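The chain contents come next:
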Amino acid sequence: MKAIRRFTVRPVLPPSLRPLSELARNLRWSWHTETRELFHALDPDGRQRPGTDPVQLLGTVTAERLAELAADRRFLRRLTACADDLQDYLSGRRWYQSVDGALPEAVAYFSPEFGITAALPQYSGGLGILAGDHLKAASDLGVPLIGVGLLYRHGYFRQTLSREGWQQEHYPVLDPNELPLELLREADGSPAQVSLALPGGRRLRSYIWQARVGRVPLLLLDSDVEENGPGERQVTDRLYGGGSEHRLLQEMLLGIGGVRAVRTYCRLTGHPAPEVFHTNEGHAGFLGLERIRELSEEDAGGLDFDSALEAVRAGTVFTTHTPVPAGIDRFDRELVARHFGPDGELPGIDAARVLGLGMESYPGGEPNVFNMAVMGLRLAQRANGVSTLHGGVSRGMFAGLWPGFDPDEVPITSVTNGVHAPTWVAPEVFRLGARQIGAQRTEDALTVGGSERWDRVADIADPAIWDLRRTLREQLVTEVRMRLRASWRQRGAATAELAWIDQVLDPDVLTIGFARRVPSYKRLTLMLRDRDRLMELLLHPERPIQIVVAGKAHPADDSGKRLVQELVRFADDPRVRHRIVFLPDYGMAMAQKLYPGCDIWLNNPLRPLEACGTSGMKAALNGALNLSVLDGWWDEWYEPDFGWSIPTADGTATDDERRDDLEAAALYELLEQRVAPRFYERDEAGVPHRWVEMVRRTLVTLGPKVLAGRMVREYVERFYAPAAHAHRALTPEAARGLAEWKVRVREAWPRVAVDHVETGSAATPANGQAELGGTLALRVRVTLDQLAPEDVEVQLVSGRVDESDRIADPLTVPLKPAGGPDLEGRWLYEGPLVLDRTGPFGYTVRILPAHPLLSTHAEMGLIAVPSEATGEAAGVLLR
């Protein structure tokens, strides 16, 4: 019989056990070992899997067991200690409270997915895990963050395999009442709601669920509201599901509804209103439109669109995670126009202005497309990629928005991602550190960070490190066998067929991990290019390797599913199935066992298509070595001490097939000639000292860099604090003034020009030759039209030049006006040109807009440079 209705019956906790409820409702348990172990004690028979959500666990504990625990003084002491520790964590001063300077009172952080814990499956891959780690690190540091996302009733799909190895998707229904969530309620107890207007007089209503992530509230919007129509109730059904309009409604709810949810939360709780809004990828970009609407209301100053836009931009940070245009959400302009038309959302804002924000108004752009990343960049004064390499890729991708500027000057910088160490470091690794420097110092090192090196790790003896690595590998072997057996049962195998699984993997064999989403650029099957050679590596009589693979293809990506099937079929081969396995349903619970247990973390994407790739960071924090293409974070921090780089064959003359063959051959060569020999090179006691030294150097030098604490501190210091300062400076009057100034500058700019450039005759080098340390007196005449010198900066740009006369690594120096305009209205600027570099040298001059409230001179995308005739007359090249 199937129930017609489902609800959750919660236990009544004895008074002495009431703190369990508070501990269960705060997701800090997901990264706090003592709290997790406390909840494991509720289940002495081990009926629940380790890592089970404590909220669910409490719902299964019998009244008899609760009474037994209420009388257990040892358990009550542990409970009191955990409850006191949580209270101290929530209320004590942390890093943020000790920083000097005017930091923002609150920051709102928007993301379409959040990976906090496997018990709250609201993530699909790296973007969500990064967002979850950002919230946890912000909590550890005391950053007053408010997370905003959507609550997907089916989450992302669960993955199983057919007998033939084809990926199958399942969408379990999630009941928010059975998750570690609480419904945000009004003072009268009714559920708080936000709503959006839709065309045709319809409305999209949403509940607001709250997850407590340590000190950080995470607000999740849920459209499964009875007052909604059937279509509207399904808006938050699945993560990254549905068609174009479905996705548009999700992103409108996330952005516009998310701002309204933040306002509701602050009203009901007294939380300070955010001064900074951080958009994690373009999906939440519509939040800027809602803030423009807020500022256009009379009680907020009644700003016009342009003035409100300036005020919004000042306090907005935009992070892009995609290195390819195909990864950006783009909508048909007519679809967007319909939803922001007179009977849609934000009726007070001209739909044409909305469409203009997402217009691809650059060479190669599509005029009928609304680009969410382009809108995100136009609505944010500060933008970044997620690794140094990705920052450069992003500047190239979006350079069309800043015409005339070299890609290096496009105002997109980078903050390299990090990972939340307490979530991803195995307890055994933490305990080894605690024995060395103490538990509190170890916790501080993993959360706050700040040190360049973990030198005390260098004092840990080789046998201790090697014993730890074998323990973690052994745990992984146990986990793999358990998951593999469950997978084969789901594929239809009988128990009698599965005795071979007891021999799968060996805790003494070099273990390689490869787990991630399965788009084609991550090249899941590169290892299969030469199957005979791979088989030789797996079955080598003296130096065998074993590989654990996991990953999900998007439900609509049949090519990705074929890659999964190809890998599964190879792993099913009886000759190698004890050495290579594919584990379905990759997620956080699996990852927390996989990263620590691997000796090598493999990553072989097409360079430079991996924006960051944080899985290798998590492995490194557990003492694994990386074997990776120089892409994402590995391109930035790779050293031979930490692992190996896979050579790339990315020349323009190399076709895709040959490139993959060459890079696969390089991978096999590394494994055979360098990786495996070092792992199996042992002393009399069986310790591979050279390998252990690489593990030690990974922990000492790389460990502090890959922390999410380091990442969040960078965001605070380089983005949040300046954005809060800019937000405060943009009063209604200042915003109007800045908007009017920009209009005036744009109108005048077509007539702004560099008319003449000359160097003083006495200092002009003969025959184009000059001596190092010499100085040329530079004189530049410019036309500013109706602008004044305080509206612009005239710059001298100099440096070495390449064969194409491009200035590399330029030095920029502002020139100063010398007197007023001449009879023709031209202004004279002067300054010294210092010849500070040898070799081919050149210079040019340029005019840029200048205003105290601009974040960079490139912000407006306006530049005036000498014409070819002007440059030639000035003799701009010195050789």
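Coordinates for the structure precede this section.
So, here's what we can say about the structure.

Conventions and cut-offs
- Residues numbered from 1 in each chain as written.
- Predicted model: local features only at pLDDT ≥ 70, side-chain atom pairs only at ≥ 80, totals over all residues.
- Heavy atoms only, no water.
- Helix = DSSP H or I, 4+ residues; strand = E, 2+ residues; numbered from the N terminus.
- Rg over C-alpha atoms; globule rule 2.2 N^0.38 Å.
- Buried < 20%, exposed > 50% of the residue type's maximum accessible area, 1.4 Å probe, protein only.
- Contact = heavy atoms within 4.5 Å.
- Areas by Shrake-Rupley, 256 points an atom, 1.4 Å probe, with all protein chains shown as cover.
- Lys, Arg positive; Asp, Glu negative; His and termini not counted.
- Charge placed at Lys NZ, Arg CZ, Asp CG, Glu CD.
- Pairing = 2+ DSSP bridges.
- Axes fitted to C-alpha atoms, helices over the stretch in contact; angles between N-to-C directions.
- Salt bridge = Lys/Arg side-chain N within 4 Å of Asp/Glu carboxyl O.
- Parallel < 35°, antiparallel > 145°, perpendicular 65-115°, else oblique.
- Left-handed = near helix turned anticlockwise from the far one by under 90°.
- Nonpolar A, V, L, I, M, F, W, Y, C, P; charged D, E, K, R; others polar.
- 1 Å grid on protein atoms, 1.4 Å probe; cavity = no way out; pocket = protein on both sides within 12 Å on 5 of 7 lines; lining within 4 Å.
- Points joined across faces, edges and corners; volume = space filled by probe spheres on them.
- Polar contact = N/O pair within 3.5 Å; in protein donor to acceptor, adjacent residues only side chain to side chain.
- Core = buried A, V, L, I, M, F, W, Y, C linked by side-chain atoms within 4.5 Å.
- Patch = residues over 30% accessible without salt bridge, like charges linked within 9 Å, V, L, I, M, F, W, Y side chains within 5 Å.
- Phe/Tyr/Trp six-rings, centres within 6.5 Å; stacked < 30°, edge-to-face > 60°.
- Lys NZ or Arg CZ within 6 Å of the ring centre and 35° of its normal.

**Brief notes about the overall build of the protein chain**
- Counting its secondary structure elements, the protein chain contains 28 helices and 28 strands.
- The C-alpha atoms of the protein chain give a radius of gyration of 30 Å, which matches the 29 Å a tight globule of 879 residues would have.
- With respect to the principal axes defined by its C-alpha atoms, the protein chain has extents near 95 × 70 × 50 Å.
- Within the protein chain, the proportion of its 879 residues that are buried is 57%.
- Contacts in the protein chain between residues at least 24 apart in sequence constitute 74% of all its contacts with a sequence separation of at least 6.
- Carbon and sulfur atoms provide 50% of the accessible area of the protein chain, an area that totals close to 35800 Å².
- Computed over 101 positive and 120 negative side-chain charges, the separation of the two mean positions in the protein chain equals 5 Å.

**A word on helix α17 (residues 439-447)**
- Three or more residues of α17 are buried, namely T442, A445, L446 and T447.
- In this structure, the buried side of α17 is in contact with α6 (126-141), α15 (421-424), α16 (427-437) and α26 (708-729).
- Two residues or fewer after α17 comes G449, characterised by a positive phi angle close to 70 degrees.

**Description of the sheet that holds strand β15 (residues 510-515)**
- The strand order across the open sheet formed by six strands is β17-β16-β15-β18-β19-β20, and the pairing between neighbours is parallel. Either end of the sheet is taken by a strand with one partner, and the two such strands are β17 (580-583) and β20 (643-646). Each neighbouring strand pair of the sheet contributes to a mean axis angle of 20 degrees, computed without reference to strand direction.
- Direction of pairing for β15 relative to strand β18 (residues 600-603): parallel, over a ladder of two bridges. Among the inter-strand pairings, I512 is bridged to a residue of β18, identified as I600.
- Against the sheet, helix α24 (residues 656-680) contacts β15, β16 (545-550), β18, β19 (625-629) and β20, and its axis sits at roughly 165 degrees relative to β20.

**Some remarks on unusual backbone geometry**
- Between R607 and P608 the backbone carries a cis peptide bond, its omega angle lying at 5 degrees.
- Inspection of the secondary structure assignment puts P608 in the loop between β18 and α22 (615-620).
- In this structure, D585 takes a positive phi of about 65 degrees despite not being glycine.
- Note on placement: D585 falls in the loop between β17 and α21 (588-597).

**A short note on the pattern of salt bridges**
- Tallying each qualifying case throughout the model produces 65 salt bridges.
- In this structure, E232 engages R202 in a salt bridge whose closest nitrogen and oxygen atoms are separated by 2.5 Å. Highlighted residues: E232 in helix α7 (residues 230-233) and R202 in strand β7 (residues 202-213), separated in sequence by 30 residues.

**Some thoughts on the sheet that holds strand β22 (residues 775-783)**
- Taken in spatial order, the four strands line up as β21-β22-β26-β25 in an open sheet, and their pairing is antiparallel. If you trace the sheet from one side to the other, it starts and ends with β21 (753-759) and β25 (816-817), each paired once.
- Across six bridges, β21 lies against β22 in antiparallel orientation. Note on β22: the bridge partner recorded for V757 is V780.

**Concerning α21**
- Counting buried residues along α21, seven of its ten residues qualify, which places the element largely inside the surrounding structure.
- Within the span of α21, buried status applies to M588, M590, A591, L594, Y595, P596 and G597.

**Digging into the packing of α16 against α17**
- At a minimum axis separation of 7 Å, α16 and α17 run at an interaxial angle of 120 degrees. By the criterion of interaxial angle, the relationship of α16 to α17 is oblique. For the crossing formed where α16 meets α17, the hand is right-handed. In contact with F430, G433, A434 and I437 of α16, α17 contributes A439, R441, T442, E443 and L446.
- Here the residues of the contact of α16 with α17 sort into five nonpolar, two polar and two charged.

**With respect to the environment of M372**
- Within the element layout of this structure, M372 appears in helix α13 (residues 372-378).
- Residues M372 and E281 lie 91 residues apart in sequence; the distance between their C-alpha atoms is 8.8 Å.
- When near neighbours in sequence (up to four residues on either side) are disregarded, M372 contacts E251, G282, H283, G285, F286, I328, D329 and F331.

**Comments concerning the layout of surface pockets**
- By volume, the second largest pocket is sized at about 1300 Å³.
- For the second largest pocket, the lining is made up of 48 residues, of which S124, G126, L127, R517 and Y521 are closest to its centre.
- Listed by contribution, the elements that provide at least two residues to the lining of the second largest pocket are α6, α21 and α22.
- Among the elements that take part in the lining of the second largest pocket, α6 stands out by supplying four residues, more than any other.
- Grouping the constituent residues of the lining of the second largest pocket by class yields 24 nonpolar, 13 polar and eleven charged.

**Structural notes on the packing of α16 against helix α18 (residues 462-490)**
- It is at 10 Å that the axes of α16 and α18 come closest, and there the two elements cross at 165 degrees. By the angle class used here, α16 and α18 are roughly antiparallel. For the pair α16 and α18, the crossing hand works out as right-handed. Of the residues in α18, those touching α16 at E428, V429 and L432 are A464, L468, L472 and Q475.
- Its residues assigned to classes, the contact of α16 with α18 shows five nonpolar, one polar and one charged.

**Looking at the side chain of T35**
- By secondary structure assignment, the location of T35 is in helix α2 (residues 33-40).
- Look at T35 and you get buried, because its relative accessible area is 4%.
- One polar contact links T35 to H32, side chain to side chain, over a distance of 2.7 Å.
- With residues up to four places along the chain from it excluded, the contact list for T35 reads L23, W29 and C82.

**Digging into the nonpolar core**
- L510, M527, I547, I600, L627, W644 and W691 are the most contacted members of the largest nonpolar core, which has 108 residues in total.
- For this core, the leading source of residues is α24, giving ten residues.
- Formed by 91 residues, the second largest nonpolar core is a distinct cluster that contains A308, V354, L796 and W827.

**Regarding a positive patch on the surface**
- Residues R73, R74, R77 and R78 make up a contiguous surface patch of positive charge.
- Residue placement: R73 occurs in helix α5 (residues 73-91).
- Note on R73: relative accessible area 67%, which makes it exposed.

**Considering the side chain of K561**
- In this fold, K561 is placed in helix α20 (residues 558-571).
- K561 gets classed as buried once you look at its relative accessible area, which sits at 6%.

**Side note on the packing of aromatic side chains**
- Here the structure, examined in full by the defined rule, presents 19 aromatic pairs.
- Plain terms: the ring middles of Y715 and Y720 are 6.0 Å apart, the flat faces sit at 20 degrees to each other, and that makes the pair stacked. For the pair Y715 and Y720, one class covers both residues: buried.
- Every member of this aromatic cluster is reached through a ring pair, and the members are W466, W644, F679, Y680 and W691.
- The residue whose ring lies beneath R238 is Y171, and the NZ or CZ to ring-centre distance is 3.5 Å.
- Here R516 stacks its cationic end above the ring of F514, 4.4 Å away from the centre of that ring.

In short, geometric facts, not functional conclusions.
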